[in-house]
Amino acid sequence: PQEVIAFVNEAINFVLQNNNTPESIEEIMNILEILEDGNINNVPVLISPNNPITDMADYLSCFNTSQGAEITIYADQPKAGSHNLFSTTDGVGHAFISIKQGNNIASLGFYPQCSPCSLSPNPATLNPVDFLSVQGVFGNDEGHSYDVSFSIPINSTSLSNLINEIISVAGSNPLYNLGSQNCTDLAILFFESQTNFNIPSCESPSPWSGQTPGTLGEVIRDLQPPSGGTKNVNGGTSP
């Protein structure tokens, strides 16, 4: 089939563009394993949060919506400084946000609800976007490690709108899809919605399609913060 031929060509080009390094070959092998059964080395790549948020309105009730705040987007890359899709130490990585207002801080990210769970690839295609979706859930990401972050202040109106948007999405029983609605997609959605700051596409290098924490981290490293914004490329743990 033409789709298979195109995928093989993309995989070969990816390895050649990366000078046939063992890392690039391993990346292709990881993609093939995920496409086959949703596992890498027989380990599911989808894991639910350690601390799921069961009541988002209650979780965000600490904020005073008559005041401004700061929103931060974080990228926990599978391998720091790389677009890599997966690593044996950090899995597929994670992307999440935090809202900070004085001493009040909430950190949250989007996850699959299953723990652990396998993906359900569509065997008729080689496109990650065609994976079947699973039930999603938000997790409290307080203390989650990250490699890079990007922060922008927002006013009280934007804070109120952001909180309402997060509560609305959380209450809509959102579905998690590794290729089209994952942690990176929703972290970017929330960050952009009230900051008026556009984050360039974080699509992973072909042949994988979909936004990933690894590429988000590399994109953030190249961003110039607006007035009042800050960037951290040294990493740490979320507040």
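Report follows, based on the coordinates. (Residues numbered from 1 in each chain as written. Predicted model: local features only at pLDDT ≥ 70, side-chain atom pairs only at ≥ 80, totals over all residues. Heavy atoms only, no water.)

This part covers empty space enclosed by the protein. Counted according to the given criterion, the structure contains one cavity of 30 Å³ or more. Volume-wise, the largest cavity comes out at about 40 Å³. Forming the walls of the largest cavity are Ala-95, Phe-96, Ile-97, Leu-108, Gly-109, Phe-110, Phe-138, Cys-183, Leu-186, Ala-187 and Phe-190. Counting residues per element, the ones that place at least two in the lining of the largest cavity are β4 (94–101), β5 (104–112) and α5 (183–195). The leading source of residues in the lining of the largest cavity is α5, at four residues. Tallied by class, the residues present in the lining of the largest cavity amount to 10 nonpolar, one polar and no charged. (1 Å grid on protein atoms, 1.4 Å probe; cavity = no way out; pocket = protein on both sides within 12 Å on 5 of 7 lines; lining within 4 Å. Points joined across faces, edges and corners; volume = space filled by probe spheres on them. Helix = DSSP H or I, 4+ residues; strand = E, 2+ residues; numbered from the N terminus. Nonpolar A, V, L, I, M, F, W, Y, C, P; charged D, E, K, R; others polar.)

One pass over the structure, following the stated rule, counts seven aromatic pairs. Taking 6.1 Å as the distance between ring centres and 35° as the angle between the ring planes, the aromatic pair formed by Phe-138 and Phe-190 counts as tilted. With Phe-138 in strand β6 (residues 134–140) and Phe-190 in helix α5, this residue pair connects regions lying 52 residues apart in the sequence. Grouping residues by exposure puts Phe-138 and Phe-190 together as buried. (Phe/Tyr/Trp six-rings, centres within 6.5 Å; stacked < 30°, edge-to-face > 60°. Buried < 20%, exposed > 50% of the residue type's maximum accessible area, 1.4 Å probe, protein only.)

What follows covers helix α1 (residues 2–17). Between its terminal C-alpha atoms α1 stretches 22 Å, which fits the 22 Å expected from 16 residues at 1.5 Å a residue. Of all the positions in α1, only Phe-7, Ala-11, Phe-14 and Val-15 are classed as buried. Buried positions in α1, seen along its axis, are confined to an arc of 95° and lie on one side of it. Exposed and oriented more than 90 degrees from the buried face of α1 are Gln-2 and Gln-17. Those residues of α1 hidden inside the fold are in contact with α2 (22–37). (Expected span 1.5 Å × (residues − 1). Arc of directions from axis to C-beta. Contact = heavy atoms within 4.5 Å.)

Note that every value here comes from positions in space, so none of it alone points to a role or purpose.
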